[in-house]
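So you can see what is in the structure, the chains are spelled out below.
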Amino acid sequence: YTFFRRKILATNFRIIYIASMKTSTKMNLPLLWKKRWVRFLVFFGIFTVIALLYTTEVMIMYKNIESFPDIPLTTQLRFELSFWYTWGVLLPVIFWLCRKYRIDSERWGRHATVHIVAGGLVSVAHLIISFSVMWIIRINLIWLDESADSLSWSSFVGRGFGAKNLHMQYLVYWVIIFLHHAIYYYKRSKDNEVRASQLEANLLEAKLEALKMQIHPHFLFNTLHSVSSLMHKDPKAADTMISKLGDFLRMTLDRSEVQEVPLKEELELLERYVEIEEIRFGNRLKVEYRVNPVLLDAYVPNLIFQPLVENAISHGISKKQGGKILISGERDGEYIHFSVIDNGRGVPVSQKFQFGFKQGVGLSNTRKRLEQLYNGNHTLTVISNEESGFSVKLQIPYRTKPYLWNN
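All residue numbers here refer to positions counted from 1 along the written sequence of the relevant chain. Only residues with pLDDT of at least 70 get local features here, since the model is predicted, and only at 80 or more are side-chain atom pairs given and counted; chain-wide, interface and lining totals rely on the full set of residues. Calculated side-chain values reflect all of the structure's heavy atoms, with hydrogen atoms and water omitted.

Notes on the overall build of the chain
Logical step 1: Within the chain, the secondary structure is distributed over twelve helices and seven strands.
Logical step 2: Three exposure classes are used, based on accessible area relative to the maximum for each residue type with a 1.4 Å probe and protein chains only: buried under 20%, partly exposed in between, and exposed over 50%. Out of the 407 residues belonging to the chain, those deemed buried represent 39%.
Logical step 3: In what follows, a contact means two residues having at least one pair of non-hydrogen atoms within 4.5 Å. A separation of at least 24 residues holds for 72% of the contacts in the chain among residues at least 6 apart in sequence.
Logical step 4: Summed over its atoms, the accessible surface of the chain is roughly 24,000 Å², and 61% of this surface lies on carbon and sulfur atoms. Numbering of helices and strands starts at the N terminus; helices are DSSP runs of H or I of at least 4 residues and strands are runs of E of at least 2. Surface exposure here means Shrake-Rupley accessible area, sampled with a 1.4 Å probe, where a residue is shielded only by the protein chains that are shown.

Shown next as structure tokens:
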């Protein structure tokens, strides 16, 4: 009985220990790393270990060379700690340079040049700071003919410059740059994997909503109702509407597996949708495009304009005798600015509060997709005034290649 009881207790302890280790590894480490004092201790430990390794190597090397005088262990250790802790002091500056001038595929030449120059300046600053610290704490170096007590600061630092090769400091700078970029791109690839899985779920939801017209079911219902009304009055127009509806659904299916498409393809899909609405509204609906042709190859979210135009028609144009919708697009540096503006009825003042917190499925779905696609690097603003229509402003990054989830 005692034997089996001990076995059971030992097994339970192992299970609890393994579970706690997995939980702490997955949950606590990322949270701890966000704390500044944890990062400080980690870097402090890294530079301490490097200083100890160099001290050991130098002491062993000097012991095997008869011409070198005996160096106290504490002197060499203080020298190495002063040298490597100075890199720890300069780390915030180097990390800031990495974030500010990231070496990527688009601006690698200009940013690499910045780091080439900055590496030299940081290396010089490192030698000045480290040898200043050594002079303050009076470390007597073996290559000095005189003790640190008898030398001025400038003489001590100057002799240190002459004895310590600057290219070694330059190499350390680039090692730090390389490690920072490697960690950054590794983390970004992991974040992209998580975001890609989330986007797949959102894409499936968007695809179903596009097919079932859940973004705004009135579109499909009104189209079928218009077809039914035109069947006896204008069979040709009814047939055209059915054909346009088929083209729209087919194009939606053909592009259902991608998150971003070239702007020219997105506008082509939007035109199919607008053609259907123009048949339904007749001369009461006018749509104008003012999109800069240089943007036609830029990638934009799939099915991004249809819910915005449908929102303008449903809440603006359909409430009046007719109206006009303006779709414009321009590039501003690294961003694209789009706008969908109508001159419809807009939202009365009494309904603005309700509209601000209860937007339709189309707008709320669009906001969620933009957040997943650009991770906050975008803006979507909806403005409405009574009798002056809706104005939707959209800003997204400009890029001529699809992102990872399109591959």
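Now that the structure has been shown, the text picks up again.
Here we look at the packing of aromatic side chains
Logical step 1: When two rings of Phe, Tyr or Trp (its six-membered ring) have centres within 6.5 Å they constitute a pair, described as stacked for plane angles under 30 degrees, edge-to-face for angles over 60, and tilted for the intermediate range. Tallied over the entire structure, the rule returns eleven aromatic pairs.
Logical step 2: Plain terms: the ring middles of Phe43 and Phe95 are 5.8 Å apart, the flat faces sit at 50° to each other, and that makes the pair tilted. With Phe43 in helix H2 (residues 36–63) and Phe95 in helix H3 (residues 73–100), the pair connects residues that are 52 residues apart, well separated along the chain.
Logical step 3: The exposure class of Phe43 is partly exposed, given its relative accessible area of 25%.
Logical step 4: With a centroid separation of 6.0 Å and an interplanar angle of 90°, the aromatic rings of Tyr173 and Trp174 are classed as edge-to-face.
Logical step 5: A relative accessible area of 25% means that Trp174 is categorised as partly exposed.
Logical step 6: Ring pairing ties together the aromatic residues Tyr54, Phe79, Phe83 and Trp84, which thus form one cluster.
Logical step 7: Remark: a charge is flagged as sitting over a ring if the NZ atom of Lys or the CZ atom of Arg is within 6 Å of the ring centre and within 35 degrees of the ring normal. The side chain of Arg102 reaches across the aromatic face of Tyr184, ending 3.6 Å from its centre.

A short note on the nonpolar core
Logical step 1: As used here, the term nonpolar core means buried Ala, Val, Leu, Ile, Met, Phe, Trp, Tyr and Cys residues forming a set that is joined through side-chain atoms within 4.5 Å. In terms of nonpolar packing, the biggest core is built from 47 residues, with Leu263, Leu270, Phe305, Val309, Ile325, Phe338 and Ile396 touching the most fellow members.
Logical step 2: Here this core takes eight residues from helix H9 (residues 263–281), the largest share from any one element.
Logical step 3: Leave out the neighbours within four places in its chain, and Leu270 touches Tyr289, Phe305, Gln306, Val309 and Ile327.

A word on the side chain of His115
Logical step 1: Mapped onto the fold, His115 is located in helix H4 (residues 108–136).
Logical step 2: Excluding residues that lie within four positions of it along the chain, His115 makes contacts with Leu97, Cys98, Tyr101, Ile103, Tyr170, Tyr173, Trp174 and Ile177.

Examining H9
Logical step 1: Multiplying 1.5 Å by the helix residue count minus one yields the expected span of that helix. An ideal rise of 1.5 Å per residue puts 27 Å on 19 residues; H9 measures up with 26 Å between its terminal C-alpha atoms.
Logical step 2: At the exit of H9 stands Gly282, carrying a positive phi of roughly 70°.

Quick look at the pairing of strand E4 (residues 323–332)
Logical step 1: Any two strands are treated as partners once DSSP identifies two or more bridges connecting them. The pairing of strand E2 (residues 285–291) with E4 spans seven bridges and is classified as parallel. Bridge assignment links Leu285 to a residue of E4, and that residue is Gly323.
Logical step 2: Remark: two residues form the turn of the hairpin made by E4 and strand E5 (residues 335–342), two consecutive strands paired antiparallel; Gly333 in that turn has positive phi of roughly 65°.

Topic: the confidence of the model for the chain
Logical step 1: You can read pLDDT as the predictor saying how much it trusts each residue, on a scale of 0 to 100. With 75% of its residues at a pLDDT of at least 70, the chain reaches an overall mean of 77.
Logical step 2: Between residues 22–27, whose pLDDT stays under 50, and residues either more than four places distant or in other chains, the model counts three contacts.
Logical step 3: Every residue in residues 211–215 scores below 50 in pLDDT, and together they form 13 contacts with partners more than four places removed in sequence or on other chains.

Quick word on the environment of Ala112
Logical step 1: Tracing the backbone through its elements, the reader meets Ala112 in helix H4.
Logical step 2: Exposure remark for Ala112: the relative accessible area of 17% places this residue in the buried category.
Logical step 3: Separated by ten residues in sequence, Ala112 and Arg102 have C-alpha atoms that sit 8.4 Å apart.
Logical step 4: Among all residues touching Ala112, those that are not within four sequence positions of it are Ile103 and Trp174.

Some remarks on a nonpolar patch on the surface
Logical step 1: Nonpolar side chains (Val, Leu, Ile, Met, Phe, Trp, Tyr) are joined into patches within 5 Å and like charges within 9 Å, using only residues with over 30% relative accessible area and no salt bridge. Between Lys or Arg on one side and Asp or Glu on the other, a salt bridge is scored when a side-chain nitrogen of the former is within 4 Å of a carboxyl oxygen of the latter. Together, Met168, Leu171, Val175, Phe178 and Leu179 make up a nonpolar patch on the protein surface, roughly 490 Å² of accessible area in all.
Logical step 2: As for its placement among the helices and strands, Leu171 is situated in helix H6 (residues 166–212).
Logical step 3: Among the residues examined, Leu171 registers a relative accessible area of 48% and is labelled partly exposed.

Remarks on H4
Logical step 1: Relative to the 42 Å expected for 29 residues at 1.5 Å per residue, H4 spans 40 Å between its end C-alpha atoms, a close match to the ideal helical length.
Logical step 2: A positive backbone phi angle near 60° is found at Arg138, which sits one or two residues after H4.

Overview of the pattern of salt bridges
Logical step 1: Under the criterion given, the structure shown has eight salt bridges.
Logical step 2: The salt bridge partner of Glu260 is Arg399, with a shortest N-O separation of 2.8 Å. Placement of the pair is Glu260 in strand E1 (residues 260–262) and Arg399 in the segment after strand E7 (389–397), with a sequence separation of 139 residues.
Logical step 3: For Arg399, a relative accessible area of 16% corresponds to the buried category.
Logical step 4: With its nearest N and O atoms 3.0 Å apart, the salt bridge here joins Glu275 to Arg272. Taken together, the residues span about one helical turn, with Glu275 and Arg272 both in helix H9 at a distance of three residues.
Logical step 5: We classify Glu275 as partly exposed; its relative accessible area is 21%.
Logical step 6: Overlapping salt bridges bring together Lys244, Arg272 and Glu275 as one network.

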